[in-house]
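Residue-level structural notes
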Amino acid sequence: MFFVLLACLFLDFTLVRSHPVLQFCDTTNNYTSGSNFGKNLRQLLSPLPARGSATGFYQGTAGSGADRVYGLVQCSGDVSPDVCRSCINRTTTEIAILCPNQREAALRYDECLLRYADWRFFSQLNLLKLSFPNPANVSANPVAFGKMVGDLLTNLSGAAATQSSLFATGMTGFSDTLKIYGLVQCTQDMSDGDCRTCLQNYIAQIPVCCNGSQGAQVLGLNCGVRYEIHPFYQISQRNYTPPINTSGSEGNNMSKAVLAIIIVAIVGVVLILAAGIIVWILKRKQASRRRADGIDGEDIRKAEVLLFLRKLIITEADRTSKRYGMGIFSSSDDVSNLQN
């Protein structure tokens with residue numbers, strides 16, 4: 001068995017590739033023209049463009065016994081059904097030319113993957129991989145850049161493993177002017193756990209093959225990861241999961257806003273209850289004693305105690321809010337203002 005690398009290291013990832021990025025041919029295991037295996041293979045490949053483009057993934061078999069053929073096709077999660085169908089059409093034609101009369105083969109483009117064999121490879125993890133670094137390197141702080149690439153792809157691998165499509169895209173900001181875009185995907189016959197294992201294994205390869213590169217791909221038969229400093233994935237109806245933005249500022253601001261609302265709501269409820277208690281005490285005393293002057297010294301002391309408790313509550317709430325960077329109450333909000 002062997003892998004044929006059909007893209008050079010100086011490949012410009014912004015261009016559409018005219019050759020497969022991965023070609024796998026088992027030259028040790030051939031079938032003869034006109035054999036039952038060859039007929040079963042044609043029977044399997046013929047409906048793949050229609051079946052695969054309908055959902056973006058299809059696996060099936062044709063024939064029986066030693067001549068049974070197992071096949072799988074999958075499109076990238078960001079391409080449209082038309083692009084998916086076109087890519088599968090192309091691979092079903094080219095695989096017979098590039099891997100003639102071979103009982104196991106695979107072709108992979110950026111848009112789709114086609115694989116067939118004479119054994120049941122479905123859900124079998126294979127960690128063989130090819131790496132494609134972009135020859136251009138980042139100029140500023142490559143160590144921090146590499147860490148951010150790893151964090152982005154790791155987050156995406158976790159997100160992909162929770163989706164039925166096993167696919168995820170996302171973006172993070174490295175600086176005000178530089179963003180990093182990532183894409184990860186596993187073939188949908190893989191389990192969640194094997195998908196994570198495959199993606200993590202490929203992500204770990206990036207510092208080895210592509211340290212400091214502005215972009216890179218690591219691809220295999222079961223999964224693939226890619227990152228670039230420019231948008232490269234498409235947004236279409238086949239985008240199974242919304243792109244993930246891993247920038248932290250928006251999430252932190254949202255958390256602070258929610259916390260502020262909670263604090264204000266709690267303090268507001270406490271103040272309303274305290275005011276209600278004061279009014280209830282005063283009215284109860286007035287009704288029972290029927291005094292003309294309304295409130296005696298004891299009532300005033302009780303009201304002052306409640307107002308003191310209110311000030312204490314406000315102070316603690318303000319201290320909590322400032323701990324999270326939010327000043328909700330001003331220093332002038334004290335008992336003297338409340339009494340006016």
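Anything mentioned here points back to the structure above.
The following paragraphs examine the structure supplied in this document. (Residues numbered from 1 in each chain as written. Predicted model: local features only at pLDDT ≥ 70, side-chain atom pairs only at ≥ 80, totals over all residues. Heavy atoms only, no water.)

1. Quick notes on the side chain of Glu-104
Put simply, the rule is: Per the convention used, a helix needs a DSSP run of H or I reaching at least four residues, while a strand needs a run of E reaching at least two, with both numbered from the N terminus. Under this definition, polar contacts are N or O atom pairs within 3.5 Å; protein pairs additionally need one hydrogen-donor-capable and one acceptor-capable atom, and for neighbouring residues in sequence, both atoms have to be side-chain atoms.
On the secondary structure map, Glu-104 appears in the loop between helix 3 (81-98) and strand 5 (105-108). At 3.1 Å, the side chain of Glu-104 forms a polar contact with the side chain of Trp-119.

2. What to know about the packing of aromatic side chains
Stated precisely, the cut-off is as follows: Classification of ring pairs uses Phe, Tyr and Trp, with its six-membered ring standing for Trp, and accepts pairs whose centres are within 6.5 Å; under 30 degrees between planes counts as stacked, over 60 as edge-to-face, and the remaining range as tilted. Charge over a ring is defined by NZ of Lys or CZ of Arg lying within 6 Å of the ring centre and within 35 degrees of the ring normal.
In the structure shown here, the tally under the stated rule is 8 aromatic pairs. Linked through ring pairs, Tyr-70, Trp-119, Phe-121 and Phe-122 together constitute an aromatic cluster. The ring of Phe-37 carries the charged tip of Arg-103 above its face, separated from the ring centre by 4.2 Å. Over the ring of Phe-121 we find Arg-115; its NZ or CZ atom is 4.2 Å from the centre of that ring.

3. Focus: the state of the cysteines
Applied cut-off: The disulfide criterion used throughout: a pair of cysteine sulfur atoms within 2.5 Å. Only protein chains enter the accessibility calculation, which uses a 1.4 Å probe; a residue is then buried when its area is under 20% of its type maximum, exposed when over 50%, and partly exposed in between.
On inspection of all chains with the given rule, the structure shows 6 disulfides. Between the sulfur atoms of Cys-186 and its disulfide partner Cys-195 the distance amounts to 2.2 Å. Linking Cys-186 and Cys-195, the disulfide has an S-S dihedral of approximately 85° and is accordingly described as right-handed. The same class applies to Cys-186 as to Cys-195, namely buried. Here Cys-198 engages in a disulfide with Cys-223; their sulfurs sit 2.1 Å apart. Measuring the twist about the S-S bond at about -85°, one finds the Cys-198-Cys-223 disulfide to be left-handed. With Cys-198 in helix 5 (residues 192-209) and Cys-223 in strand 11 (residues 223-228), the pair connects residues that are 25 residues apart, well separated along the chain. Here Cys-198 matches Cys-223 in class, with each residue buried. When the cysteines engaged in disulfides are numbered in sequence order, the chain pairs them as 1-5, 2-3, 4-6, 7-8, 9-12, 10-11.

In short, shape yes, function no, at least from these values alone.
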